[in-house]
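# Descriptive analysis of the structure
These are the residues of each chain, in order.
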Amino acid sequence: MKFFIDTANLAQIKEAHDLGILDGVTTNPSLMAKEGIRGEEAINQHYLTICELVDGGDVSVEVISTDLAGIIEEGKKLAAIHPNIVVKVPMIKDGVKALKWFSDNGIRTNCTLVFSAGQAILAAKAGANYVSPFIGRIDDSNWDGVQLIEQISHIYNLQGFKTEILAASIRSALHIVKCAEAGADVCTCPLESILGLLKHPLTDIGLAKFLDDAKKMKEVMVGAK
Ligand code: G3P
């Protein structure tokens, strides 16, 4: 399973990248707005900086048009920023048409705002490279987000769809583990959830004991001289 970070924050992207496990980045207009980025030029420059930071990893950037001509126009401009840009397209009727157009014209896509298996089938049929089910938001509305990943994974395997399942809206380290179990190809996570995978109290207790014993060993060795 690939690890993407779900943020537009450069320091967090760098921290995840420095960990050596980062395969890419996903952004959305809310995450970009949170960083205080305003204006087309600044937005495009920020996307370019992210692409250079993750060097080689896919970077999803979202269109804000909702009509076919607008989505295509915007997507073409975004894709021209850097070869690793993946155009994020919403799961709406014109979005599906645009996914097909991008697929026919060699522009890679991530179909976003996916909340059902039916939508995931449509995205795959239209040739999306990635499909993004929002599992945290599904959990928030009292459904089971991880179960949707399992269902999509089952359908894609059965039908031979090549679209990669990108589990999004991750809220915890446990979500990442569950998505790996459920067959997600990619998990896009906040930095906190990635770092949460490190944590186990027995690791901390065990390490403290080893370091303590190592200190005693050193003392004995010094004493023996
Ligand atoms: O990038 C899309 C998705 O990951 C959003 O997550 O936490 O706003 O539901 P969230």
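In what follows, the structure referred to is the one given above.
Figured I'd write up the structure that's included with this text. (Residues numbered from 1 in each chain as written. Predicted model: local features only at pLDDT ≥ 70, side-chain atom pairs only at ≥ 80, totals over all residues. Heavy atoms only, no water.)

## Concerning the layout of surface pockets
Of the volumes computed, that of the largest pocket is approximately 370 Å³. Asp 6, Asn 28, Leu 31, Ser 169 and Pro 190 are the residues nearest the centre of the largest pocket, which is lined by 22 residues in total. Only helix H2 (29-34) and helix H10 (191-196) provide two or more residues apiece to the lining of the largest pocket. Looking at which element gives the most residues to the lining of the largest pocket, the answer is H2, with three residues. Tallied by class, the residues present in the lining of the largest pocket amount to seven nonpolar, eight polar and seven charged. Each pocket or cavity is described by its volume, and for the second largest pocket that value is around 300 Å³. Lining the second largest pocket are 14 residues, with Ile 43, Tyr 47, Glu 62, Ile 64 and Glu 74 sitting closest to its centre. (1 Å grid on protein atoms, 1.4 Å probe; cavity = no way out; pocket = protein on both sides within 12 Å on 5 of 7 lines; lining within 4 Å. Points joined across faces, edges and corners; volume = space filled by probe spheres on them. Helix = DSSP H or I, 4+ residues; strand = E, 2+ residues; numbered from the N terminus. Nonpolar A, V, L, I, M, F, W, Y, C, P; charged D, E, K, R; others polar.)

## Regarding the pairing of strand E6 (residues 130-133)
In E6, alternate side chains face the same way, and those of Tyr 130 and Ser 132 on one face and Val 131 and Pro 133 on the other are all buried. In terms of strand pairing, strand E5 (residues 109-114) meets E6 through three bridges, oriented parallel. Within E6, the position partnered with Val 114 by the bridge is Pro 133. Following the chain from E5 across helix H6 (residues 117-125) to the adjacent parallel E6, one finds a crossover that is right-handed. (Buried < 20%, exposed > 50% of the residue type's maximum accessible area, 1.4 Å probe, protein only. Pairing = 2+ DSSP bridges. Right-handed = clockwise from strand over helix to strand, strands pointing away.)

## As for the nonpolar core
Counting 57 residues, the largest nonpolar core has Ile 5, Val 25, Ile 149, Tyr 156, Ile 170 and Cys 179 as its most contacted members. Here this core gets six residues from one element, more than from any other, and that element is helix H8 (residues 145-159). Contact partners of Ile 170, with chain neighbours within four places excluded, come to Ile 135, His 175, Ile 176, Cys 179, Cys 187, Thr 188, Cys 189, Pro 190 and Ser 193. Core analysis: the second largest hydrophobic core is formed by seven residues, Tyr 130, Phe 134, Leu 166 and Val 186 among them. (Core = buried A, V, L, I, M, F, W, Y, C linked by side-chain atoms within 4.5 Å. Contact = heavy atoms within 4.5 Å.)

## Considering the site of the ligand
Near the ligand, the surroundings consist of Asp 6, Asn 28, Lys 88, Phe 134, Arg 137, Ala 168, Ser 169 and Arg 171. A distance of 3.3 Å is found between an oxygen atom of the ligand and a side-chain nitrogen or oxygen belonging to Lys 88. Out of a free accessible area of 310 Å², the ligand has 81% covered by protein chains. In this structure the site holding the ligand corresponds to the largest pocket. Each residue belonging to the shell around the ligand can be placed in one class, and the counts come to two nonpolar, two polar and four charged. (Near = heavy atom within 4 Å. Polar contact = N/O pair within 3.5 Å; in protein donor to acceptor, adjacent residues only side chain to side chain. Areas by Shrake-Rupley, 256 points an atom, 1.4 Å probe, with all protein chains shown as cover. Sits in = over half its atoms within 2 Å of the grid points.)

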